[in-house]
Amino acid sequence: MTIRSALFAIVCVALVGCASPSPSPTQAAIQLRFTADEFCPLAAAQLPLTFRIDSAADEDVVAVTANGTEYHVWWSEGFRGGTTSDPVVRDPTGRVVARDGEVLRGYTLHGYSVCATGDSIYVLLAGPA
């Protein structure tokens, strides 16, 4: 009878666990494009550029000119994206370096070097190589 009671108790505990509400889903992370090198091409971008950060877009982070031309944005390893409810990019210390709608007017972004080539800009942790 004790084995039967123990099995009944285990089944009851398992059923109670199944009835508990499941945790809320976690926020999707903003996906970044990473560059392996501290590569700094010598081309110029059409400034100013506005960052568009949207996890529902084909590319989560792009930089857009006033006439709608899009640039891919490449980040050094160490930067990380926020979430769908916090559409930002943070540096390795957690400081926000780009927000949705933020305007880039020069070749630095909160102290980080920004370089450009054809259809891309690069945000580098270290200075240009």
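As the structure is a computational prediction, the values presented were derived from the model and not from experiment.

### A closer look at the overall build of the chain
- If you tally the helices and strands in the chain, you get one helix and eleven strands.
- Listing every helix and strand of the chain by position from the N terminus yields α-β-β-β-β-β-β-β-β-β-β-β.
- With 129 residues in all, the chain has 32% of them scored as buried.
- Of all intrachain contacts in the chain linking residues separated by at least 6 positions in sequence, the fraction that spans at least 24 positions is 56%.

### Side note on the nonpolar core
- Among the nonpolar cores identified, the biggest contains 22 residues, and Phe51, Val61, Trp75, Val89 and Ile121 are the most heavily contacted of them.
- Among the secondary structure elements, those contributing two or more residues to this core are strand E2 (49-53), strand E3 (61-64), strand E4 (70-76), strand E7 (96-99), strand E10 (112-117) and strand E11 (120-124).
- Residues contacting Ile121, with those up to four places away along its chain left out, are Ala45, Leu49, Phe51, Ala63, Tyr71, His72, Val73, Trp74, Leu104, Val114, Cys115 and Ala116.

### Looking at the pairing of E7
- With three bridges joining them, strand E6 (residues 86-90) and E7 adopt antiparallel strand pairing. Looking across to E7, one finds that Arg90 is bridged to Val96.
- Linkage of E6 to E7, two consecutive antiparallel strands, is achieved through a turn of five residues, within which Gly94 is found at a positive phi near 95°.

### As for the confidence of the model for the chain
- In this model, the chain carries an average pLDDT of 81, and 74% of its residues clear a pLDDT of 70 or more.
- Note on residues 4-25: pLDDT under 50 across the span, and zero contacts to partners over four residues away in sequence or across chains.

### Let's talk about the environment of Ile30
- Tracing the backbone shows Ile30 in the loop between helix H1 (2-19) and strand E1 (33-35).
- Residue Ile30 is classed as buried on the basis of its relative accessible area of 4%.
- Between the C-alpha atom of Ile30 and that of Arg80, which follows or precedes it by 50 residues, the distance is 7.9 Å.
- Once residues lying within four places of it in the same chain are set aside, the contact partners of Ile30 are Ile53, Ser55, Asp60, Val61, Gly81, Gly82, Thr83, Thr84, Pro87 and Val88.

### Notes on the pairing of E3
- Residues Val61 and Ala63 point to one face of E3 and Val62 and Val64 to the other, with burial holding for every one of them.
- Relative to E3, E2 runs antiparallel, the two sharing four bridges. Across the sheet, Thr50 pairs through a bridge with Val64, a residue of E3.
- Strand direction decides the pairing type here: E3 and E4, joined by three bridges, are antiparallel. By the bridge assignment, Ala63 is partnered in E4 with Tyr71.
- Counting the residues in the hairpin turn of E3 and E4 gives five residues, including Gly68, whose phi is positive at 95°.

Conventions used here
Residues numbered from 1 in each chain as written. Predicted model: local features only at pLDDT ≥ 70, side-chain atom pairs only at ≥ 80, totals over all residues. Heavy atoms only, no water. Helix = DSSP H or I, 4+ residues; strand = E, 2+ residues; numbered from the N terminus. Buried < 20%, exposed > 50% of the residue type's maximum accessible area, 1.4 Å probe, protein only. Contact = heavy atoms within 4.5 Å. Core = buried A, V, L, I, M, F, W, Y, C linked by side-chain atoms within 4.5 Å. Pairing = 2+ DSSP bridges. pLDDT = per-residue confidence, 0-100.

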